[in-house]
Amino acid sequence: MRLPLISGEQSSKHNIDQERIMAGSSFGFLTAADIRFGRGMALAGVKDLANLGAPLLLVHGSNSKRADWLRLALLDQDIQVQCFAVAGEPDIEMITKGVEQARAGAIAAVVSLGGGSVVDAGKALAALIPATRPMLDHLEVVGQGLPLDVAPLPFAALPTTAGTGAEVTKNAVLSVPEARRKVSLRDSRMLPDIAIVDASLTDNLPRSVTLASGLDAVTQVIEPYLSCKANWLTDALCRDAIPKGLEALATLMQTEDPAARDALAWTSLAGGLALANAGLGAVHGLAGVLGGVTGGAHGALCGTLLPHVLASNHARLHTLAEEAPLLARFDEVQHWIAAAIDCDHEQAFESLKAWSANLGLPALAQLGLDKEQIPSIASASLVSSSMKGNPVPLSQSDLEGILFAAL
């Protein structure tokens with residue numbers, strides 16, 4: 001059989017396609033040691049949580065009553081339990097106090113029950129309680145970013161929102177108010193020993209929380225799918241989770257629905273698995289800096305930025321003729337959005353912005369952004385680790401345009 005001749009332009013595109021295929025077919029994949037998904041899994045897993053060690057530190061949200069069921073269940077297993085409340089997103093001062101409390105109590109294991117902030121706080125505490133070096137030695141951007149010098153304590157995560165996927169990632173995001181930044185404490189050994197994703201823990205969340213955390217979950221399967229570091233395994237996760245998550249979120253904006261809660265919980269888990277192995281993009285590159293500067297909630301920031309980042313990346317791709325395979329992925333995302341919120345797929349990004357705003361998602365100005373801050377935020381975001389996964393390079397001007405559009 002004679003092969004067809006390939007023109008110079010076709011040959012260039014062919015080589016680029018082959019490079020993407022080869023990059024996607026060679027990969028490693030890290031995740032939590034034991035992942036359990038499904039309704040009833042939280043209560044069924046109490047014995048295994050008790051076996052992590054004692055005394056055990058139970059990290060929960062500001063309302064301790066929501067964690068009473070787990071505290072009492074652990075006490076029934078004859079496990080000594082200390083509690084640590086997380087009000088708001090964790091910062092250096094909060095974690096320092098938690099480490100001091102845990103060391104004084106000879107804590108042997110940590111369990112987090114709560115949203116992304118609670119899971120991140122627990123993950124950081126498990127890592128830093130046994131550490132011998134100062135916290136700043138291990139923080140990225142504002143510190144040295146050194147690996148942990150001692151392995152973390154055993155750690156388990158039970159998320160009560162479907163958003164961050166932090167139960168299967170190897171980093172904890174902490175605020176550094178003095179630097180007005182959010183930075184990561186990161187080490188592969190910080191992956192939880194047990195991750196229990198039980199959607200019943202998310203039932204009947206307020207609509208505003210569901211919207212913001214749900215858009216974060218959706219963002220965290222869209223960005224890895226479009227990432228320049230995507231691979232076959234993360235693609236399989238994201239192709240399934242993106243339409244499921246969008247449809248579930250649209251349903252939950254209309255009515256409470258257990259099946260939709262299950263689907264959104266799966267989307268959040270898939271996002272955590274995908275982002276830990278394929279990276280993110282400009283949404284999170286910008287959101288990390290914005291969160292430190294404005295104090296805006298992470299999920300709301302991501303949801304507000306998502307349509308503008310997608311539109312900017314899409315426009316840049318149209319100037320790069322060799323990126324046709326990526327354009328096809330953007331087209332898929334547009335169709336998935338259109339199917340979920342019932343709009344024309346060509347207008348999907350703009351329609352997603354309007355849909356979210358109509359449901360009460362705040363714009364960046366409402367989240368605390370002043371337009372005078374935009375140049376410095378764009379500049380700081382350029383060097384964010386999340387930017388490394390963005391499908392195309394974006395300039396300072398591109399990032400400023402996204403921020404102005406989302407203002």
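Going by the structure above, here's the rest.
Not measured: the values here are computed from a predicted model.

### Comments concerning the packing of helix H8 (residues 232-252) against helix H12 (residues 324-341)
Argument step 1. Where H8 contacts H12, the two axes come as close as 8 Å, and the packing angle between them is 25 degrees. Judged on the interaxial angle alone, H12 and H8 are roughly parallel. As H8 packs across H12, the resulting crossing turns out to be right-handed. Facing H8, whose interface residues are Asp235, Arg239, Ile242, Pro243, Leu246, Glu247 and Ala250, H12 presents Arg329, Glu332, Trp336, Ile337 and Ala340.
Argument step 2. Residues belonging to the contact of H8 with H12 are distributed by class as follows: 7 nonpolar, no polar and 5 charged.

### Concerning helix H9 (residues 258-278)
Argument step 1. Helix length check: H9 (21 residues) gives 30 Å between terminal C-alpha atoms against 30 Å at 1.5 Å per residue, within 8%.
Argument step 2. When you tally the buried positions in H9, you get 16 out of 21 residues, the bulk of the element.
Argument step 3. N-capping of H9 is provided by Asp257, with a side-chain oxygen placed 3.0 Å from the backbone N of Ala259.
Argument step 4. Just downstream of H9, Gly279 is the residue with a positive phi angle, here 80 degrees.

### Here's the deal with the environment of Arg329
Argument step 1. Here Arg329 shows up in helix H12.
Argument step 2. Residues within four places of Arg329 in sequence aside, it is in contact with Tyr225, Leu226, Ala230, Asp235 and Arg239.

### With respect to the sheet that holds strand S2 (residues 56-60)
Argument step 1. Read across the sheet, 6 strands follow the order S1-S8-S5-S4-S2-S3 without closing on themselves; strand pairing throughout is parallel. In this open sheet, the two edge strands, each paired with only one partner strand, are strand S1 (35-37) and strand S3 (81-85). For this sheet, the mean angle separating the axes of adjacent strands, direction not counted, is 15 degrees.
Argument step 2. Where S2 meets S3, 5 bridges bridge the pair, whose relative direction is parallel. Directly across from Leu57, in S3, lies its bridge partner Gln82.
Argument step 3. Lying over the sheet, helix H4 (residues 68-76) contacts S2, S3, strand S4 (109-114) and strand S5 (155-159), oriented at roughly 165 degrees with respect to S3.
Argument step 4. Sheet strands in contact with helix H5 (residues 92-104) are S2 and S3, and its direction is about 170 degrees off that of S3.

### Observations regarding the state of the cysteines
Argument step 1. This model, assessed by the stated rule, comprises 0 disulfides.
Argument step 2. Between Cys302, a free cysteine, and Cys238, which holds the nearest cysteine sulfur, the sulfur-to-sulfur gap is 15 Å.
Argument step 3. Since its relative accessible area comes to 0%, Cys302 is described here as buried.

### A short note on the pattern of salt bridges
Argument step 1. If you walk through the whole model with that rule in mind, you get 14 salt bridges.
Argument step 2. The partner of Asp240 in a salt bridge is Lys244, with the nearest N and O atoms 2.6 Å apart. Residue Asp240 and its partner Lys244 are both found in helix H8; the two are separated by 4 residues, about one turn of the helix.
Argument step 3. Overall, the relative accessible area of 29% leaves Asp240 in the partly exposed class.
Argument step 4. Under the relative-accessibility criterion, Lys244 is labelled partly exposed at 36%.
Argument step 5. Note that Arg316 is salt-bridged to Asp398, the shortest N-O span being 2.8 Å. Of this pair, Arg316 sits in helix H11 (residues 298-317) while Asp398 sits in helix H15 (residues 396-406), and the two are 82 residues apart along the sequence.

### Some points on the environment of Ala32
Argument step 1. Structurally, the position occupied by Ala32 is in the loop between helix H1 (8-25) and S1.
Argument step 2. Owing to a relative accessible area of 7%, Ala32 belongs among the buried residues under this scheme.
Argument step 3. The spacing of Ala32 and Leu273 is 241 residues in sequence and 8.9 Å in space, taken between C-alpha atoms.
Argument step 4. Excluding residues that lie within four positions of it along the chain, Ala32 makes contacts with Glu167, Val168, Leu191, Pro192 and Ala195.

### Points about the packing of H5 against helix H6 (residues 116-128)
Argument step 1. Packing of H5 against H6 brings their axes to within 10 Å, and their N-to-C directions diverge by 55 degrees. The angle between the axes of H5 and H6 places the two elements in the oblique class. Note that H5 runs across H6; the crossing there is right-handed. Between H5 and H6, the contacting residues are Ile95, Gly98, Val99 and Arg103 on the first element and Ala121, Ala124, Leu125 and Leu128 on the second.
Argument step 2. Tallied by class, the residues present in the contact of H5 with H6 amount to 6 nonpolar, 1 polar and 1 charged.

Reading guide: rules and limits
- Residues numbered from 1 in each chain as written.
- Predicted model: local features only at pLDDT ≥ 70, side-chain atom pairs only at ≥ 80, totals over all residues.
- Heavy atoms only, no water.
- Axes fitted to C-alpha atoms, helices over the stretch in contact; angles between N-to-C directions.
- Helix = DSSP H or I, 4+ residues; strand = E, 2+ residues; numbered from the N terminus.
- Parallel < 35°, antiparallel > 145°, perpendicular 65-115°, else oblique.
- Left-handed = near helix turned anticlockwise from the far one by under 90°.
- Contact = heavy atoms within 4.5 Å.
- Nonpolar A, V, L, I, M, F, W, Y, C, P; charged D, E, K, R; others polar.
- Expected span 1.5 Å × (residues − 1).
- Buried < 20%, exposed > 50% of the residue type's maximum accessible area, 1.4 Å probe, protein only.
- Polar contact = N/O pair within 3.5 Å; in protein donor to acceptor, adjacent residues only side chain to side chain.
- Pairing = 2+ DSSP bridges.
- Disulfide = S-S within 2.5 Å.
- Salt bridge = Lys/Arg side-chain N within 4 Å of Asp/Glu carboxyl O.

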